[in-house]
Amino acid sequence: MSKKIKYKTSFGDQLMWILTLLMAISVLVLMVWMGWQMYHSARPSIQRFGFSFIIGRVWDPVKEQFGALPFIYGTIVTSLIALLLAAPIGLSVAIFLNEMALSKVRTVIGFLVEMLAAIPSVVYGLWGIFVLAPWLRETVEPGLAKWLGFIPFFKGSPVGFGMLAGGLILAIMILPTIAAISREVMAAVPNMQREAALALGATKWEMIRLAVLPYAKSGIMGGVMLGLGRALGETMAVTMVIGNRPDILLSLFAPAYSMAAVIANEFTEATYDLYLSALVEIGLILFGITLILNVFARLLIWSVAKGPKGGSLV
Amino acid sequence: MNDRLRNYRNWMMLSIFTIATFIALIPLFGVLSYVVKNGISALSLQFFTNLPKAMGLSGGGMANAIVGTLIMVFIASLIGIPIGILAAIYLTEYDRHSWLSVGVRFATDVLTGIPSIIVGIVIYTAVVLKMGNFSALAGGFALSIIMIPLIIRSTEEMLKLISHSIREAGYALGISKGKTILRIILPTAAKGIITGAMLAVARVAGETAPLLFTALGNQYWAHSLNEPMASLPVQIFQYATSPYKEWHQQAWAGSLVLISLVIILNLSARFAFRSRSN
């Protein structure tokens, strides 16, 4: 960039520059302000409960007892289920679209996968209540209990609304994120890599395994982390199917609660300041976790997009 | 022998990827088919013209929620699109590499990644508590915060695609930088920027969480922007979690309207972009 060149500047020019500069800075200010605003509102709760807020198991607003562990547990378990299902499938979608499909198939299926991301979360929740949860209760959960019932995760009576339903619906919702980022970083792998592998007599799978995946690995990790970030904070669909009960149970069939769900359900019902403050603190924890995840994910994706040899990509 | 094993493994892995891709699409068709099936049977003209009826009564509609969604998305666009585009212009045209730009890009990524319910909390504590009531304005603000990073990202991508020779052509003619941006660069990238804006609108139109404690919801018409306002996603949420069958029907109908809106926006955004590249 030729920074030294002085352009002829008029008043309008200056105004344009200052306006765009202000707007750019406002985004930075917005981020800091949001963090500060939340910290400020959460402070009464932080001061009152300290660390016990995170490890406390009892959430009883009537007795002014606030422990967020059941929500943290529900959030982590549902997000892990989602990750376990969505990461391999999302990666498969990316491989299929990038390395296998013809361009027309790629356009159509690529569009359909994007549509999966475009469906509003509340619609997934509606579908979850009336289609997914009954299906889990009547078919999937009895089956799992019958065949895998010796594992504590699959014990217990089938309810339908619970961590399994939450995890499944999250898997559907984060799959497009993982697929899209994996596609992006796999597209950044130079074709020379692929051709070299093929020229050595590799089969297509060997080419993918030896030439594409190692190169894209950290970017794919980044995509999975972004997916995890989305799963942790996803609110509506989970609220509608997780059962909304602040218990910590091993069974995945059991109703549970998530951090975002308790905020969604109880925020407008918080009758006194400390209650509200405790809910904001849950939000603050969520904010902190997703922020850290995003930073790591972006660093990983950038490292791939730039490429080891610093090609012309990005 | 060894080659046969390799070929077999190749065939197996490629089949797994193909099957997994189709598995990924099952939920899409599952959701769409149920929404269309249940939605159409509950959809009627009254749905678009009537206010919600009390629980148990049939014949109510979601007219106020449909209009409410349009109004709040409009407010969000009014704030979010200009801020987003101007910030993106700064990032591509004035200053691509300084620490400020890196910081702004970082903030943009962070804002894209934080859960939308967080935005609801912040606007509640900052706007709703200060003004003393839930309002459509607060809802619009919340949606605009979700919109800004999306617009910045898409606009920046579009502006980056414009080759430097076009900018240089402007300068060579002695046109000032501001005018080059306004008259040459923005029109060149216009279709891409509009595409991005439409996708951002589609995204926020379906957002529920940021509206729960900002616009709240309303069973009646809101008479000003300073009152609680109904929106399609919040109304769907309230009806879906209610115990009444009539309301469940309404929720399906509302979902059909919402999904149609989102898909139409997505499709037309894609169409606009394709006609540009040809």
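Residues numbered from 1 in each chain as written. Chains lettered and ligands numbered in written order. Predicted model: local features only at pLDDT ≥ 70, side-chain atom pairs only at ≥ 80, totals over all residues. Heavy atoms only, no water.

## A short note on the side chain of Asp-95 of chain B
Residues and elements named next belong to chain B. Spelled out, the test is: A run of DSSP states H or I qualifies as a helix once it reaches four residues; a run of E qualifies as a strand once it reaches two. Both are numbered from the N-terminal end. Note on classification: 1.4 Å probe, protein chains only; a residue is buried when its accessible area is under 20% of the maximum for its type, exposed when over 50%, partly exposed between these limits. In what follows, a contact means two residues having at least one pair of non-hydrogen atoms within 4.5 Å.
Within the element layout of this structure, Asp-95 appears in the loop between α3 (63–94) and α4 (99–113). Residue classification places Asp-95 among the buried residues on the basis of a relative accessible area of 10%. Leaving out residues up to four positions away in the same chain, Asp-95 has contacts with Tyr-90, Leu-100 and Ser-101.

## Thoughts on unusual backbone geometry
Even without being glycine, Asn-244 of chain A reaches a positive phi, approximately 55°. Looking at Asn-244 of chain A, the relative accessible area reads 28%, which means it is partly exposed. Although it is not a glycine, Leu-216 of chain B adopts a positive phi angle of roughly 65°. For Leu-216 of chain B, the location among the structural elements is in the loop between α9 (209–212) and α10 (232–240). By relative accessible area, Leu-216 of chain B is classed as partly exposed at 27%.

## Looking at the packing of helix α3 (residues 69–100) of chain A against helix α4 (residues 103–118) of chain A
Residue and element names in this part refer to chain A. Basically, it comes down to this: To obtain an axis, a line is fitted to C-alpha atoms, over the contacting stretch when the element is a helix, and the angle between two such axes runs from 0 to 180 degrees between their N-to-C directions. Between 65 and 115 degrees an angle is taken as roughly perpendicular, under 35 as roughly parallel, over 145 as roughly antiparallel, and anywhere else as oblique. Put simply, a crossing is left-handed when the front helix is turned counterclockwise from the back one by less than a right angle, and right-handed when it is turned clockwise. Residue classes follow a fixed rule: Ala, Val, Leu, Ile, Met, Phe, Trp, Tyr, Cys and Pro count as nonpolar, while Asp, Glu, Lys and Arg count as charged, and any other residue, Gly among them, counts as polar.
Interaxial distance between α3 and α4 falls to 9 Å at its minimum, and their mutual angle equals 155°. One way to sum up the angle between α3 and α4 is to call them roughly antiparallel. When you trace α3 past α4, the crossing you get is left-handed. Along its contact with α3, which presents Val-93, Phe-96, Leu-97 and Asn-98, the element α4 presents Val-105, Arg-106, Ile-109, Gly-110 and Val-113. In the contact of α3 with α4, the residues fall into six nonpolar, two polar and one charged.

## Overview of the packing of aromatic side chains
Threshold: Two rings from Phe, Tyr or Trp (for Trp, the six-membered ring) form a pair when their centres are within 6.5 Å of each other. A pair whose planes differ by under 30 degrees is stacked, one over 60 is edge-to-face, and the rest are tilted.
All chains considered together, the criterion is met by 21 aromatic pairs over all chains. Between Phe-49 of chain A and Phe-53 of chain A, the aromatic rings sit 6.2 Å apart at their centres with planes inclined by 35°, giving tilted as the arrangement. Classification of Phe-49 of chain A by relative accessible area gives buried; the value is 15%. For Phe-53 of chain A, a relative accessible area of 0% translates into the label buried. With 6.4 Å between their ring centres and 65° between their planes, Phe-96 of chain A and Phe-22 of chain B make a pair best called edge-to-face. Placement of the pair is Phe-96 of chain A in helix α3 and Phe-22 of chain B in helix α1 (residues 2–42), with the two residues belonging to separate chains. Given a relative accessible area of 45%, Phe-22 of chain B falls into the partly exposed group.

## Examining the interface of chain A and chain B
Stated precisely, the cut-off is as follows: The term buried area means the drop in 1.4 Å probe accessible area that two parts suffer when joined, counted for both and summed. Note on definitions: salt bridges are taken to be side-chain nitrogens of Lys or Arg within 4 Å of carboxyl oxygens of Asp or Glu. Here a polar contact is taken to be a pair of N or O atoms separated by no more than 3.5 Å, where protein atoms must pair a possible hydrogen donor with a possible acceptor and residues adjacent in sequence count only if both atoms sit in side chains.
Taken together, the contact pairs 78 residues of chain A with 84 residues of chain B. Together, the buried faces of chain A and chain B total about 7300 Å²; carbon and sulfur atoms form 82% of this surface. Our count for the contact surface shared by chain A and chain B stands at three salt bridges. Between Asp-109 of chain B and Arg-298 of chain A there is a salt bridge, with its nearest N and O atoms 3.6 Å apart. Summed over the shared surface of chain A and chain B, the number is eight residue pairs in polar contact (both at pLDDT 80 or more). No other element matches the 19 residues that helix α1 (residues 11–49) of chain A contributes to the side of chain A that touches chain B. Looking at the side of chain A that touches chain B residue by residue, the class counts come to 56 nonpolar, 16 polar and six charged.

## Describing the packing of helix α7 (residues 191–199) of chain A against helix α8 (residues 204–233) of chain A
Residues and elements named next belong to chain A. Between α7 and α8, the shortest axis-to-axis distance is 9 Å and the interhelical angle comes to 155°. With respect to α8, the element α7 is oriented roughly antiparallel. As for how α7 packs across α8, the hand of that crossing is right-handed. Two secondary-structure elements touch here, α7 through Gln-193, Arg-194, Ala-197 and Leu-198 and α8 through Met-207, Ala-211, Val-212 and Tyr-215.

## Details of the domain arrangement of chain B
Residue and element names in this part refer to chain B. Note the following rule: Segmentation of the chain into domains, including their bounds, is taken from an automatic or database domain assignment.
What the domain assignment reports for chain B is domain 1 (6–42) and domain 2 (48–277). Taken together, the contact pairs nine residues of domain 1 with seven residues of domain 2. Both faces considered, domain 1 and domain 2 share a buried interface measuring about 680 Å² in area, 82% of it formed by carbon and sulfur atoms. For the domain 1 face of the interface with domain 2, the top three residues by lost area are Val-35, Asn-38 and Ala-42, together amounting to 57%. For the pair domain 1 and domain 2, the number of links is zero salt bridges. Applying the counting criterion to the domain 1 and domain 2 interface returns zero residue pairs in polar contact (both at pLDDT 80 or more). Of the residues contributing to the side of domain 1 that touches domain 2, the split by class is six nonpolar, three polar and no charged.

## Considerations on the environment of Asn-226 of chain B
All names here are of chain B. Tracing the backbone through its elements, the reader meets Asn-226 in the loop between α9 and α10. Classification of Asn-226 by relative accessible area gives partly exposed; the value is 40%. For the pair Asn-226 and Ala-215, spaced 11 residues apart in sequence, the C-alpha separation works out to 9.3 Å.

## Things to note about the confidence of the model for chain B
Short version of the rule: Per-residue confidence from the predictor is given as pLDDT, running between 0 and 100.
Per-residue confidence for chain B gives a mean pLDDT of 91, with 97% of residues at or over 70. The least confident element of chain B, judged by mean pLDDT, is helix α11 (residues 245–277) of chain B at 86; the most confident is α3 of chain B at 96.

## Comments concerning α1 of chain A
Residues and elements named next belong to chain A. Put simply, the test is: Here the expected length of a helix is defined as 1.5 Å per residue gap, with one fewer gap than residues. To get the bend at a residue, fit one axis to the 7 residues ending there and another to the 7 starting there, then take the angle between the axes.
Here α1 spans 55 Å end to end across 39 residues, near enough to the 57 Å set by a 1.5 Å rise per residue. The largest bend in α1 amounts to roughly 50° and is located at Ala-42, with the proline Pro-44 lying one to four residues further along. Looking one or two residues past α1, Gly-50 carries a phi angle of roughly 60°, positive in sign.

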